[in-house]
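Residue-level structure breakdown
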Amino acid sequence: MNSRVIFHIDFDYFYAQCEEIRRPELKTRPVAVCVYSDRGGDSGAIATANYIARKYGVKSGMPIKFAKKKLEEIPEAVFLPTDFDYYTEVSDNAMKIIRDHADIFEYVGRDEAYLDVTKRTDQSFKNASHLAQQLKNSLRTTMKLSSTIGVSSNKLISKIASGHRKPDGLTIIEPQDMEAFLDPLPVRTIPGIGKKTEEKFTEMKIETIAQLRNIDVFTLNGLFGRKIGAYIYNAVRGIDDDPVSARHDPIQYSRIITLKQDSKDFQFLSEDLERLCEDLHHTIIKDNIQFRSVGIQFVQSDLSNRTKSRTLRNPTSSLEELRKTTLQLLKESLEDQKLPIRRLGVRVSDFSEMAGQADITRFF
Ligand code: DGT
Ligand code: CA
Ligand code: CA
């Protein structure tokens, strides 16, 4: 049998959940994370909201003012500004755990990844179910992070499956059940079918995927062109050959932590810095990369950022070099550092010396 086993994992209400993780008392209240525009006041949009806020009709992309209206009678509702550095930190840590559960790991975005687990599950969906459960548990116990996983024999169906039941969901679609699973779903469930395409189908009295399957490939090609026509024709039959291709978050090559206390003391900071270096170096070795540029990053007590970096003479993967350079950068930065530091980060970049690697996000 030549069937694959693929996971799509997506973190639940991600930014809002991150806020709940650091302030558990928010868990029982509606929480909306807001991207404020620079016009001031309440202008801007909702990035995401927890499921309590969603019950009141708050949605991603909605103007903040609308969301406030929806929650105006709920005094305990919380509106928070985004904190991307922190969400990235949570994401980095979660992705590390996820990678350890995959044969091939493909990073999609801060809250989402594909895993090819064909080998380690021995192509068994029963083993896959255990593995998925294990991964969910591991994220929950080590990070208090809740996630949803879709499991099937390809990326397309796994992606649809992870969207099927959330939060904290696990939907497993075995190959023989694929068409029955797709049948009742609205056509826009297929990634790539947006509002416009959906309207076109509505005019043709096609609403479900089962109905769409009755349209022959020539008609689809005529409507959308050969490429999209073929994609839709295959998608409604649960066919997708796209491989999970090893891809890391470029940010995996940086580490940032929140310090136990704000500080600008070299001794105090250097201990954390050395640990960050060792942690980052671990990934550098595992992924077999070399770096040429080394940087440190401060998030200062007023939440503003400061960075300092240096280019090395030669590409290297040496921990000693990383440690020495970051400590030097720390020392130099502290000479004129006014505000205490709240978060400290390390990053390496410039992988240009790696043979034939044009795109730093594709390594293997
Ligand atoms: P869910 O449905 O439980 O997966 O909820 P989220 O919030 O994780 O939704 P998802 O996976 O579509 O998006 C991941 C993150 O991307 C989300 O936490 C915030 C951000 N995001 C999503 N939609 C929007 C949007 O319309 N505007 C902005 N600014 N950010 C968004
Ligand atoms: Ca999500
Ligand atoms: Ca997502």
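Criteria and cut-off values
- Residues numbered from 1 in each chain as written.
- Chains lettered and ligands numbered in written order.
- Predicted model: local features only at pLDDT ≥ 70, side-chain atom pairs only at ≥ 80, totals over all residues.
- Heavy atoms only, no water.
- UniProt positions renumbered as here; feature names shortened; annotations may be inferred.
- Helix = DSSP H or I, 4+ residues; strand = E, 2+ residues; numbered from the N terminus.
- Buried < 20%, exposed > 50% of the residue type's maximum accessible area, 1.4 Å probe, protein only.
- Contact = heavy atoms within 4.5 Å.
- Lys, Arg positive; Asp, Glu negative; His and termini not counted.
- Charge placed at Lys NZ, Arg CZ, Asp CG, Glu CD.
- Donors = N, O, S within 2.8 Å, 3.2 Å for Na, K, Ca; no water.
- Phe/Tyr/Trp six-rings, centres within 6.5 Å; stacked < 30°, edge-to-face > 60°.
- Tetrahedral: all angles 85-135°; square planar, octahedral: opposite > 155°, others 65-115°.
- Near = heavy atom within 4 Å.
- Polar contact = N/O pair within 3.5 Å; in protein donor to acceptor, adjacent residues only side chain to side chain.
- Nonpolar A, V, L, I, M, F, W, Y, C, P; charged D, E, K, R; others polar.
- Domains from an automatic or database assignment.
- Pairing = 2+ DSSP bridges.
- Salt bridge = Lys/Arg side-chain N within 4 Å of Asp/Glu carboxyl O.

Per an unreviewed UniProt entry, the recorded name for the protein is DNA polymerase IV, and the organism is Nitrosotalea sinensis. Listed under Catalytic activity (unreviewed entry) in UniProt, the entry text for the protein is "DNA(n) + a 2'-deoxyribonucleoside 5'-triphosphate = DNA(n+1) + diphosphate".

When its secondary structure is counted, the protein shows 13 helices and 12 strands. Dimensions of the protein, computed from C-alpha atoms along their principal axes, come out at roughly 70 × 55 × 40 Å. Within the protein, buried positions represent 48% of all 364 residues. Counted over contacts in the protein with a minimum sequence separation of 6, partners at least 24 positions apart contribute 65%. Taken together, the 54 basic and 52 acidic charged side chains of the protein have centroids lying 2 Å from each other.

A few words on the coordination of the calcium ion (ligand 3). Binding of the calcium ion (ligand 3) to the protein goes through Asp 10 (OD), Asp 111 (OD), Asp 111 (OD) and Glu 112 (OE), at separations of 2.4 to 3.1 Å. When the donor residues of the calcium ion (ligand 3) are listed from N- to C-terminus, their spacing reads D-x100-D-E. A separation of 3.6 Å is found between the calcium ion (ligand 3) and the calcium ion (ligand 2), which are bridged by Asp 10. Both residues of the pair, Asp 111 and Glu 112, count as buried.

This brings us to the UniProt feature "active site" (unreviewed entry) in the protein. Following the UniProt record, one finds the feature "active site" (unreviewed entry) at Glu 112. Filtering out sequence-adjacent residues up to four positions away, Glu 112 remains in contact with His 8, Ile 9, Asp 10, Met 95, Tyr 107 and Lys 159.

As a further point, take the packing of aromatic side chains. Taken as a whole, this structure holds 8 aromatic pairs when the rule is applied. For the ring pair Tyr 15 and Tyr 87, a centre distance of 4.6 Å and an interplane angle of 10 degrees mean the geometry is stacked. One end of the pair, Tyr 15, is in helix α1 (residues 14-22); the other, Tyr 87, is in helix α4 (residues 84-99), and 72 residues separate them in sequence. Note on accessibility: Tyr 15 and Tyr 87 belong to one class, buried.

Here the focus is the coordination of the calcium ion (ligand 2). Around the calcium ion (ligand 2), the donor atoms from the protein are Asp 10 (OD), Phe 11 (O) and Asp 111 (OD), and they sit 2.0 to 2.3 Å away. Around the calcium ion (ligand 2), the 6 donor atoms are arranged such that angles at the metal cover 78 to 171 degrees; this shape is classified as octahedral. Each donor residue of the calcium ion (ligand 2) belongs to the same chain, with the gaps between them written as D-F-x99-D. For Phe 11, a relative accessible area of 1% translates into the label buried.

The environment of ligand 1 is formed by 16 residues, the closest being Tyr 13, Thr 48, Tyr 51, Arg 54 and Lys 166. Between Asp 10 and ligand 1, the recorded distance is 3.1 Å, taken from a side-chain N or O atom to an oxygen atom. Phe 14 places a polar main-chain atom, nitrogen or oxygen, 2.9 Å from an oxygen atom of ligand 1. Of all the secondary structure elements, the ones that give two or more residues to the shell around ligand 1 are β1 (6-11), α1, β3 (44-49) and α2 (51-55). The leading source of residues in the shell around ligand 1 is β3, at 3 residues. The residue inventory of the shell around ligand 1, partitioned by class, reads 8 nonpolar, 3 polar and 5 charged. Residue contributions to the shell around ligand 1 reach at least three from each of two domains, namely domain 1 (6-15 + 85-178) and domain 2 (21-82).

The positions that UniProt labels "site: Substrate discrimination" (unreviewed entry) are, in the present scheme, Tyr 15. Residue Tyr 15 is classed as buried on the basis of its relative accessible area of 18%. For Tyr 15, the residues in contact, after removing those within four places along its chain, are Val 33, Ala 47, Thr 48, Phe 84, Tyr 87 and Arg 110.

Time to look at the pairing of strand β5 (residues 104-109). Relative to strand β6 (residues 112-116), β5 runs antiparallel, the two sharing 5 bridges. Residue pairing across strands places Ile 104 opposite Asp 116, the latter belonging to β6. The turn linking β5 back onto β6 is made up of 2 residues.

Turning our eyes to something else, we now look at the environment of Thr 208. Locating Thr 208 in the fold gives a position in the loop between α8 (195-203) and α9 (209-212). Sequence-wise, Thr 208 and Lys 126 are 82 residues apart; in three dimensions their C-alpha atoms are separated by 29 Å.

Attention now moves to the pattern of salt bridges. For the structure on display, the rule yields 24 salt bridges. For the salt bridge of Glu 89 with Arg 343, the shortest nitrogen-to-oxygen distance reads 3.8 Å. In this pair, Glu 89 sits in helix α4 while Arg 343 sits in strand β12 (residues 341-349), placing the two residues 254 residues apart along the sequence. Judged by relative accessible area, which is 13%, Glu 89 ranks as buried. Asp 168 is paired through a salt bridge with Arg 140; the nearest N and O atoms lie 3.4 Å apart. One end of the pair, Asp 168, is in the loop between α6 (155-162) and β8 (170-172); the other, Arg 140, is in helix α5 (residues 125-143), and 28 residues separate them in sequence. Residue Asp 168 is classed as partly exposed on the basis of its relative accessible area of 37%. In the salt-bridge network here, residues are joined through shared partners; they are Glu 19, Arg 22, Asp 83, Glu 89 and Arg 343.

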